[in-house]
Amino acid sequence: MSERRDSDKHLDLVAELLEVLLAEGFTIIEAEGKWGYPVTLPLHNDGYGDQEDKRPDIYAYDGKKKRYVIGEAKTGDGDLETEHALTQYNVFLDQVDRQTGNRAALYVIVPAAKVPEFSALITHYIHRDYWQHITLVSSKRW
């Protein structure tokens with residue numbers, strides 16, 4: 001797949017995830033793309049994988065559960081299991097609100113055909129204590 005096509009697919013998935021998060025009643029704070037939100041800032045890496053801070057696709061807040069929500073879109077075209085992606089999952093799941101002590105929720109959207117692959121990856125690479133903080137969103141467009 002061409003880089004341009006892959007980029008378009010990624011942005012389309014981010015847009016779809018934005019719709020899902022807004023439908024859940026979350027407040028969008030930052031988002032990658034051209035939707036009128038500030039660009040997301042990198043989140044601190046406390047020692048995972050490549051040691052670099054990671055920028056999510058969406059950063060939101062769940063006022064009902066008083067926790068931050070991190071949104072990430074994956075095309076499934078070679079971007080699910082890279083060192084960068086595995087570091088992202090760990091960094092994003094490591095985020096805790098200093099005021100409330102609540103761990104952030106991670107919403108990951110993938111094309112419907114990639115749901116089994118992503119589910120297997122999470123159960124293999126992510127400690128089971130974090131599974132409850134992950135919401136896998138199956139794309140309805142891809």
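Everything below is about the structure shown above.
Keep in mind the model is a prediction, meaning the values are calculated, not measured.

Definitions and limits used
Residues numbered from 1 in each chain as written. Predicted model: local features only at pLDDT ≥ 70, side-chain atom pairs only at ≥ 80, totals over all residues. Heavy atoms only, no water. Helix = DSSP H or I, 4+ residues; strand = E, 2+ residues; numbered from the N terminus. Rg over C-alpha atoms; globule rule 2.2 N^0.38 Å. Buried < 20%, exposed > 50% of the residue type's maximum accessible area, 1.4 Å probe, protein only. Contact = heavy atoms within 4.5 Å. Areas by Shrake-Rupley, 256 points an atom, 1.4 Å probe, with all protein chains shown as cover. Lys, Arg positive; Asp, Glu negative; His and termini not counted. Charge placed at Lys NZ, Arg CZ, Asp CG, Glu CD. Phe/Tyr/Trp six-rings, centres within 6.5 Å; stacked < 30°, edge-to-face > 60°. Salt bridge = Lys/Arg side-chain N within 4 Å of Asp/Glu carboxyl O. Pairing = 2+ DSSP bridges. Right-handed = clockwise from strand over helix to strand, strands pointing away. Polar contact = N/O pair within 3.5 Å; in protein donor to acceptor, adjacent residues only side chain to side chain.

A. View of the overall build of the protein chain. A count of helical and extended segments in the protein chain gives three helices and five strands. A compact globule built from 142 residues would reach a C-alpha radius of gyration of about 14 Å, and the protein chain, at 14 Å, matches this within 12%. Dimensions of the protein chain along its principal axes, counting C-alpha atoms only, are 45 × 35 × 25 Å. Residues counted as buried form 42% of the 142 residues belonging to the protein chain. Sequence separation of 24 or more characterises 63% of the internal contacts of the protein chain that already satisfy a separation of 6 or more. When the accessible surface of the protein chain is split by element, carbon and sulfur atoms take 48% of a total near 7700 Å². For the protein chain, the separation between the mean place of its 17 positive charges and that of its 24 negative charges on side chains is 5 Å.

B. A look at the packing of aromatic side chains. The final tally for this structure, using the stated rule, is four aromatic pairs. With centroids separated by 5.7 Å and ring planes inclined at 85 degrees, the aromatic side chains of phenylalanine 26 and tyrosine 107 adopt a geometry described as edge-to-face. With phenylalanine 26 in the loop between α1 (3-23) and β1 (27-31) and tyrosine 107 in strand β4 (residues 105-110), this pair connects stretches of sequence that are 81 residues apart. Side by side, phenylalanine 26 and tyrosine 107 carry an identical accessibility label, which is buried. When the ring of tyrosine 61 is compared with that of tyrosine 68, the centres are 4.9 Å apart and the planes differ by 65 degrees; the resulting orientation is edge-to-face.

C. Region of the structure containing the side chain of arginine 67. Here arginine 67 shows up in strand β3 (residues 67-73). Of the residues examined, arginine 67 reaches a relative accessible area of 13% and is grouped as buried.

D. Main features of the pattern of salt bridges. This structure, assessed with the given rule, holds seven salt bridges. In this structure, the salt-bridge partner of aspartate 50 is lysine 54, at a minimum N-O distance of 2.7 Å. Overall, the relative accessible area of 3% leaves lysine 54 in the buried class. Within this structure, Asp12, Glu19 and Arg141 form a network of salt bridges that share partners.

E. Spotlight on the pairing of strand β5 (residues 134-138). Strand direction decides the pairing type here: β4 and β5, joined by five bridges, are parallel. Within the sheet, the bridge partner assigned to leucine 106 lies in β5 and is isoleucine 134. The handedness of the β4 to β5 crossover, carried by helix α3 (residues 115-125), is right-handed.

F. View of the side chain of aspartate 79. Checked against the element boundaries, aspartate 79 lands in the loop between β3 and α2 (83-93). Engagement of the side chain of aspartate 79 in a polar contact is seen with the backbone nitrogen of threonine 75, the distance being 2.8 Å. A polar contact is formed between the side chain of aspartate 79 and the backbone nitrogen of glycine 76, at a distance of 2.8 Å. Apart from the residues lying within four places of it in its own chain, the contact partners of aspartate 79 are Lys74, Ala85 and Tyr89.

No statement about biological role is implied by the geometric values presented.
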